[in-house]
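Summary of the model geometry
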Amino acid sequence: MGLGLHFISFPSHRKNTQRKRELSCLAMAPATKTNLKSSKFLQNYGWDVLLGSIALFYTILVPYTKVEESFNVQAMHDILYHRHNFDKYDHLEFPGVVPRTFIGAFIVSILASPFVVIMQLLNFPKIYSLLTVRLVLGCLVLTSLRLFRIQVKKKFGQVVEAFFVILTAVQFHILFYSTRPLPNILAFILVNLAYSFWFKGDSLSTLRCLTIATVVFRCDTVLLFGPIGLQLLLSKSVSIWDAIKCCVITAILSIGFTTLLDSIMWKRILWPEFEVLWFNSVLNRSTEWGTQPFHWYFTSALPRALLISFPLFIIGAFLDRRIIKYIVPVLLFVLLYSKLAHKELRFIIGSIPIFNVSAAITASRVYNNRKKSSCNLFYLAMIGSFLVSLGCSILTFIASYNNYPGGNALNALHQAVMTSDFSVNEKFVHIDAFTAINGVSRFCEKEYFWRYSKEEGIFLNEYQHRNFTYLLTEHSKIDGYKCLFAVTGFSGIRIRLNFPPVFLIKEPKVFVHGNIKNEDLLLSKFPGCPS
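Every chain's residues receive numbers from 1 upward, in the order its sequence appears when written. At least 70 in pLDDT is required for a residue's local features to be given in this predicted model, at least 80 for side-chain atom pairs to be given and counted, and no such filter applies to totals for whole chains, interfaces and linings, which use all residues. Each side-chain value is derived from all of the structure's non-hydrogen atoms; neither hydrogens nor water enter the calculation.

The subject of this paragraph is the overall build of the chain. What the chain contains, in helices and strands, is 20 helices and five strands. A principal-axis box enclosing the C-alpha atoms of the chain has dimensions of 110 × 75 × 55 Å. Each residue gets one of three labels from its accessible area relative to the maximum for its type: buried under 20%, exposed over 50%, partly exposed in between, using a 1.4 Å probe on protein chains only. Residues counted as buried form 47% of the 531 residues belonging to the chain. Here a residue-residue contact requires only that any non-hydrogen atoms of the pair lie within 4.5 Å. The long-range share in the chain, meaning contacts at least 24 apart out of those at least 6 apart in sequence, stands at 76%. Every accessible area reported is derived by Shrake-Rupley at a probe size of 1.4 Å, with residue values counting cover from the shown protein chains alone. Total accessible area computed for the chain in this model is approximately 27400 Å², and 65% of it derives from carbon and sulfur atoms. The sign given to each residue is positive for Lys and Arg and negative for Asp and Glu; His and the chain ends receive no count. Charge coordinates come from a single atom per side chain, which is NZ of Lys, CZ of Arg, CG of Asp or CD of Glu. Positive and negative charge centroids in the chain, built from 53 and 31 side chains respectively, lie 17 Å apart. The secondary structure listing takes helices from DSSP runs of H or I that are at least 4 residues long and strands from runs of E that are at least 2 residues long, numbered from the N terminus.

Let us look at the state of the cysteines. Only a pair of cysteine sulfur atoms within 2.5 Å qualifies as a disulfide here. By the definition in use, this model includes one disulfide. One disulfide bridge connects C483 with C529, the sulfur atoms lying 1.7 Å from each other. Given an S-S torsion of about -75°, the disulfide between C483 and C529 has left-handed geometry. Of this pair, C483 sits in strand 4 (residues 481–495) while C529 sits in the segment after helix 20 (519–523); the two residues are 46 residues apart in sequence, bridging distant segments of the chain. For C483, a relative accessible area of 17% corresponds to the buried category. Its sulfur unpaired, C209 is 9.4 Å from the next cysteine sulfur, which belongs to C246.

Pairing of aromatic rings covers Phe, Tyr and Trp, the last counted by its six-membered ring, and requires centre-to-centre distances within 6.5 Å; plane angles under 30 degrees mean stacked, over 60 mean edge-to-face, and any other angle means tilted. One pass over the full model with this rule turns up 40 aromatic pairs. On the numbers, 6.1 Å between centres and 55° between planes, the contact of Y367 with Y379 is tilted. Here the residue Y367 occupies a position in helix 16 (residues 352–368), and Y379 occupies one in helix 17 (residues 373–401), the gap between them amounting to 12 residues. For Y367, a relative accessible area of 28% corresponds to the partly exposed category. In textbook terms, an aromatic cluster arises when at least three aromatic residues are bridged by ring pairs, as seen for F57, Y58, F172, F176, Y177, F397 and Y401. Taking the ring centre of Y404 as reference, the NZ or CZ of K66 above it sits at 5.3 Å. Here, a charge over a ring is recorded when the distance from Lys NZ or Arg CZ to the ring centre is within 6 Å and its angle to the ring normal is within 35 degrees. Positioned above the aromatic ring of Y367 is the side chain of R370, whose terminal nitrogen or guanidinium carbon lies 4.0 Å from the ring centre.

Turning next to the nonpolar core. Judged by nonpolar contacts, the single largest core of 125 residues is most densely connected at F102, Y195, F199, I354 and L413. The dominant element in this core, judged by the number of residues it contributes, is helix 8 (residues 183–200), at 11 residues. Residues within four places of L413 in sequence aside, it is in contact with V429, W450, Y470, L472, F485 and V512. With seven residues, the next largest nonpolar core counts F428, I458, L471 and Y481 among its residues. Residues enter a nonpolar core if they are buried and are Ala, Val, Leu, Ile, Met, Phe, Trp, Tyr or Cys, with the set joined through side-chain atoms within 4.5 Å.

Turning next to the pattern of salt bridges. Definition used for salt bridges: Asp or Glu carboxyl oxygen within 4 Å of a side-chain nitrogen of Lys or Arg. Applying the stated criterion to the full structure yields 17 salt bridges. With its nearest N and O atoms 3.0 Å apart, the salt bridge here joins R149 to D48. Of this pair, R149 sits in helix 5 (residues 127–156) while D48 is found in helix 1 (residues 2–61), placing the two residues 101 residues apart along the sequence. Overall, D48 belongs to the buried group, its relative accessible area being 19%. One salt bridge connects D220 with R218, and the closest N-O pair in it is separated by 2.4 Å. Judged by relative accessible area, which is 13%, D220 ranks as buried. Accessibility expressed as a relative area gives 6% for R218, which makes it buried. One network of salt bridges, in which partners are shared, links D48, R146, R149 and E161.

Spatially, 2-1-3-5-4 is the arrangement adopted by the five strands of the open sheet, whose pairing is mixed. In this open sheet, the two edge strands, each paired with only one partner strand, are strand 2 (450–453) and strand 4. Pairwise comparison of adjacent strand axes, ignoring direction, gives a mean angle of 20° for this sheet. In this structure, strand 1 (residues 427–431) lies alongside strand 3 (residues 470–473), joined through three bridges in parallel fashion. Considered in strand 3, the bridge of H430 is made with L471. Lying over the sheet, helix 18 (residues 405–420) contacts strand 1, strand 2, strand 3, strand 4 and strand 5 (502–515), oriented at roughly 145° with respect to strand 4. Two strands are counted as paired when DSSP detects at least two bridges linking them. Lines fitted to C-alpha atoms define the axes, with helix axes restricted to the stretch in contact, and inter-axis angles between N-to-C directions lie between 0 and 180 degrees.

Time to look at a nonpolar patch on the surface. Side chains of L56, F57, I60, L61, L135 and Y401 sit close together on the surface and give an oily, nonpolar patch of about 510 Å² of accessible area. Tallying contributions element by element places helix 1 first for the nonpolar patch, with four residues. Exposure above 30% relative accessible area and no salt bridge define the residues that can form patches, which grow by joining like charges within 9 Å and nonpolar side chains of Val, Leu, Ile, Met, Phe, Trp and Tyr within 5 Å.

On to the environment of F318, then. Counting through the fold element by element, F318 comes out in helix 14 (residues 309–319). Each C-alpha atom of the pair F318 and S358 lies 9.6 Å from the other, and the pair is 40 residues apart in sequence.

Next up on the list: helix 14. Among all positions in helix 14, only S309, L312, F313 and G316 are buried. Seen end-on, helix 14 carries its buried residues on one side only, within an arc spanning 100°. Contacts from the buried residues of helix 14 go to helix 6 (158–170), helix 13 (296–306), helix 15 (324–337), helix 16 and helix 17. Directions pointing from the helix axis toward each C-beta atom define the arc.

This brings us to the pairing of strand 4. Bridge count between strand 4 and strand 5: 13 bridges; the pairing is antiparallel. Considered in strand 5, the bridge of G489 is made with E507. Taking the residues between adjacent antiparallel strands as the criterion, strand 4 and strand 5 are bridged by six residues.

Spelled out as structure tokens, the structure:
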């Protein structure tokens, strides 16, 4: 009986075990699907998340903007806050040296407007709106880089794609500038799109992107347009007639649109980039902002921007002949730009992605052959150079973090007054030119009880006769005012023997003064200024 019972109960035990396994599998199924979705997401967007995270970090830690970005920053502010009240727009009071197009500012502002409206309803400070428009711009830049990266992957493989992203990540300038509303960055979006079409073999779309970038955002993009167009013609990728027809139609439509919009905004008939071209090239007035020797881009700007990519991209041209037809036109672009005396790294930022692809080819070859005894040492050296590049980028970021004393000074004044001065009296703040170009924009202003002036041409002895409550200035002493505190800024780098070997030099840059006639000021506690 016992033996019979044993054999009767055994199948039941097997069924129970099987049921447990089925239930276990069912329980694991959702987790497996989730893991697969996560894996697929990282596979498709992992590199974008990496680059986006770094750009986000830069934006949040360094929210303020410089004078080069002032037109688009102020335009975005006015579009979002003044809307159709054009008379209040900043560019009518401070037009700058040359006019710029509103097209980029309108595109970014329209995309950011839903978020900004919510922030206005919740009474968020306007600085959050500045972060919003910058992040929207960064998304546009990174989207264009993503489209280019996909074409890099299709043409050269996943390993080259991976090193392209890694090299971009350990460099400083592309991701730092990606959220900065410079005309160069607006053109950079179209340049990246042009590169993606170029790699894809779509010659006409390449020419369209470069044409729009040239006639709307940066006229100097013509120096890149020329060599790439010539390469497409010589390689018979496009016929002369098709190229002319494409470029002429695109140029006419683009010029017509920018002239229509910007003539309304500037209240006079104009094509902004033509005036920029006339000012910089015909009148040669850009030299008033400094000059650099012919070789500066090759001996200073590119080595600082590319870091380890600089030697690697040169080697890449010898390792894979396919990259030569892309490198040569871009090198010609930098060479042509070198003839202009006034030089800045942002002028040639469009060359960096192509050079990074060539550098990634070299890095992928070393990586694929890392197990060979002859390449093992090169592989270790390459990894070490990546870390050195990352260290250089961190150092550059720290310097940049301390390079916006104007924005930091105005923010510090707001916080100090809010915690010590509880009166509802109006605070009238004057911001001098040095402070304004080093971080202050309309996004930094408060709306209640605060009024701001950027009036130019005031002599130092005239301030005591004005009714300003506070002054933000580069001068440490002003008659009729008490220096409340000073904000330091980046001044230089010093190399020393002890640790750390690199030391950042900071010194007082912006001084915040209070009117001695202000009774509330006498009751407030401020640290004072260095003697």
